[in-house]
Amino acid sequence: MSIECEKVGGINLAQGVCDTEVPQAVREEAHHGIENGINSYTRFDGLGALREAIAQKLRTYNGITVEPETDIVVSAGSTGAFYCACLALLDPGDEVILFEPYYGYHVNTLLAVEAVPRYLTLRPPDWNFLAGDLDRAVSTRTKAIVVNTPGNPCGKVFSRVELELIAEFAIRHDLFIFTDEIYEHFLYDGRSHVSPASIDGLHERTITISGFSKTFSITGWRIGYAAGPARWLRRIGYMNDLVYVCAPSPLQYGVALGLSRLERSFYEGLSLEYSLKRDHICAALRHAGFEPYVPQGAYYVLADVSSLPGKNSKEKAMFLVTQIGVASVPGESFFHNGGGKDLLRFCFAKKDAELEEACNRLKQLSFKAEFLAQPASGR
Ligand SMILES: Cc1ncc(COP(=O)(O)O)c(C=O)c1O
């Protein structure tokens, strides 16, 4: 969709790339890192200063206590951390439960290590699930369950009650929990983030994965991490060393110092700024006749585009990009069995001016659609 968008010089609401400002503290400190000679390989599990800063953040924001010396592996983004965790802890043939709609990299990473995804389809409009859904997805070969909160693409923020249900289930079946919390600071309508590892009984079996791509708008820096019990993190560290050696050292330094310089207000500001963007795009989608599934967190919105021409979500996405120059992701990319035909995902992590233009184009579409829907004699 990004390529199609470029062809028509459109606005790209397809890819999850945030083009908002990188915080000054993070930019400055990365620069200092380069100037101060932090340009060699770091230890396989990351710079000490960054592991310390992550441990501090995990303690204060996530309610998780870990040892920076043994329980954290800094990797090439949360993508790298998830890949290394899967390589280290899964064997070919292991089944892993995945909530659907899913994030494509989770599926493809599981397939790359020859694990077998077992899908649990969430129920719209709130993307809920029941205890029975978990029971139906489990087998004797199940080794892990993947949680993504706040989630891409549906913006679900798992509640404490839901996580307690998952905890009881994971303990009963002796499963790992891999939790991707990359959108942990993008929360709307007063919701708070609950990390699965902070739930009673889960610390021992949870690998918490997150990173700074989204929070600091540094998707190209590739700084993320996995955290959890030392015995699992040691194995994840071996894989990280083998696959990546280390994440870029001066950029690790920038994130470490940036983390210690930025105040709580920065993170609160993110939720506020993005909730305004969310409201803006949801209003424009409604105006265009596409009912949005209003996200609770993260920075994507799924919308029902059944009124658009096209027999599947790809054709509908193509119609939109060619007619009004707004790119989105076809809903079928988030379901394994042909679901999502009437859904498109729009990313709203855009600068205000660009988002405004995309919203105006969507609103214009509603006028075009009304025009097209009128019988010829009535025009
Ligand atoms: C759910 C989820 N996890 C991970 C990532 C990628 O994060 P990173 O840049 O840290 O690899 C994305 C990016 O879109 C995402 O949506």
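For the structure given in this document, a descriptive report is provided here. Model, not experiment: these values are computed from the prediction. (Residues numbered from 1 in each chain as written. Predicted model: local features only at pLDDT ≥ 70, side-chain atom pairs only at ≥ 80, totals over all residues. Heavy atoms only, no water.)

### Examining the packing of aromatic side chains
Think of a pair of aromatic rings as described by two things: how far the centres are apart, and how the planes are tilted against each other in angle. For the record, the criterion: Only the six-membered ring of Trp is used, alongside the rings of Phe and Tyr, when aromatic pairs are assigned; centres must lie within 6.5 Å, and planes under 30 degrees apart are stacked while those over 60 apart are edge-to-face, with the rest tilted. Helix and strand labels come from DSSP, where a helix needs a run of H or I of at least four residues and a strand needs a run of E of at least two; each type is numbered from the N terminus. Residue exposure (1.4 Å probe, protein chains only): buried if accessible area is under 20% of the type maximum, exposed if over 50%, otherwise partly exposed. Only lysine NZ and arginine CZ atoms are considered, and such an atom sits over a ring when it is within 6 Å of the ring centre and within 35 degrees of the ring normal.
Per the stated rule, a full pass over the model turns up 21 aromatic pairs. Judged by centre distance (6.2 Å) and plane angle (45°), the ring pair of Phe129 and Phe158 falls under tilted. Here Phe129 is found in the loop between strand S4 (116-121) and helix H6 (131-137), whereas its partner Phe158 is found in the loop between strand S5 (142-148) and helix H7 (160-172), with 29 residues between them in sequence. Residue Phe129 shares its accessibility class with Phe158, and that shared class is buried. Ring centres 5.6 Å apart and planes at 90° place the aromatic pair Tyr183 and Tyr300 in the edge-to-face group. Highlighted residues: Tyr183 in the loop between strand S6 (176-180) and strand S7 (206-211) and Tyr300 in strand S10 (residues 300-304), separated in sequence by 117 residues. There is no split in this pair, since Tyr183 and Tyr300 are both buried. Through successive ring pairs, a cluster of aromatic residues spans Tyr183, Phe186, Tyr274, Tyr299 and Tyr300. Over the aromatic face of Phe158 sits the side chain of Lys156, whose NZ or CZ is 4.9 Å from the ring centroid.

### So, unusual backbone geometry
Geometrically, the link from Glu100 to Pro101 is a cis peptide bond, its omega value of 10° lying close to zero. With respect to the element layout, Pro101 can be found in the loop between strand S3 (95-100) and helix H5 (104-112). Look at the link from Asn152 to Pro153: it is a cis peptide, with omega at 15°. Counting through the fold element by element, Pro153 comes out in the loop between S5 and H7.

### Focus on the site of the ligand
Applicable threshold: When we say a residue is near a molecule or strand, we mean one of its heavy atoms is within 4 Å of it. Pairs of N or O atoms within 3.5 Å make up the polar contacts considered here, provided that, within protein, one atom can donate a hydrogen while the other can accept it, and that residues adjacent in sequence are counted only when both atoms are side-chain atoms. The method behind every accessible area is Shrake-Rupley, applied with a 1.4 Å probe, and residues are considered shielded solely by the protein chains displayed. Think of it as three bins: nonpolar holds Ala, Val, Leu, Ile, Met, Phe, Trp, Tyr, Cys and Pro, charged holds Asp, Glu, Lys and Arg, and polar takes everything else, Gly as well.
Close to the ligand lie 13 residues, the nearest being Thr79, Asp180, Tyr183, Ser213 and Arg222. In the model, an oxygen atom of the ligand is placed 2.6 Å from a nitrogen or oxygen of the Tyr183 side chain. Burial of the ligand by the protein chains amounts to 93% of its free accessible area of 400 Å². Considering every element that reaches the shell around the ligand, the biggest residue donor is helix H4 (residues 77-89), with three residues. In terms of residue class, the shell around the ligand is built from four nonpolar, six polar and three charged.

### As for helix H10 (residues 264-287)
It helps to recall that an α-helix has 3.6 residues per turn; residues three or four apart then point in one direction. Test applied: In this analysis, the expected span of each helix is defined as 1.5 Å times one less than the number of residues it contains.
If you check H10, its first and last C-alpha atoms are 35 Å apart, about what 24 residues at 1.5 Å a residue would give, namely 34 Å. Listed as buried for H10 are Tyr267, Leu270, Ser271, Tyr274, Ser275, Lys277, Arg278, Ile281, Cys282, Ala284 and Leu285. Positive phi appears at Gly289, one or two residues downstream of H10, with a value of about 90°.

### Quick notes on the side chain of Ser75
Of note, Ser75 is situated in strand S2 (residues 72-76). Polar side-chain contacts of Ser75 include one of 2.7 Å to the side chain of Asn240.

### Notes on the sheet that holds S2
Quick reminder of the rule: Here, strands pair whenever DSSP counts at least two bridges between them. To obtain each axis, a line is fitted to C-alpha atoms, and for helices this fit is confined to the stretch in contact; angles are then taken between N-to-C directions over 0 to 180 degrees. Should any heavy atoms of two residues lie within 4.5 Å, those residues are considered in contact.
In spatial order, the strands read S2-S8-S7-S6-S5-S3-S4; together these seven strands make up an open sheet with mixed pairing. Each edge of the open sheet is held by one strand with a lone partner, namely S2 and S4. Looking at each pair of strands side by side, their axes are set apart by 25° on average, direction ignored. Pairing analysis gives five bridges linking S2 to strand S8 (residues 223-227), with the strands arranged antiparallel. Counterpart to Ile72 in the pairing with S8 is Ala227. The strands touched by helix H8 (residues 230-244) within the sheet are S2, S6, S7 and S8, with S2 carrying the most contacts at an inclination of about 25°.

### As for the packing of helix H3 (residues 48-62) against helix H9 (residues 249-261)
Helix packing for two helices is described by the angle between their axes and how far apart those axes are. Keep this limit in mind: If you view the pair so one helix is near and one far, a crossing is left-handed when the near helix is turned anticlockwise from the far one by less than a right angle, and right-handed when it is turned clockwise.
Close contact between H3 and H9 brings their axes to 8 Å; oriented N to C, the two are set at 40°. Viewed along their axes, H3 and H9 form a crossing whose handedness is left-handed. Of H9, the residues touching H3 (which contributes Ala49, Leu50, Ala53 and Ile54) are Gln252, Val255, Ala256 and Leu259.

### A word on the environment of Asp200
Within the element layout of this structure, Asp200 appears in the loop between S6 and S7. Looking at Asp200, the relative accessible area reads 71%, which means it is exposed. Sequence-wise, Asp200 and Ala167 are 33 residues apart; in three dimensions their C-alpha atoms are separated by 7.9 Å.

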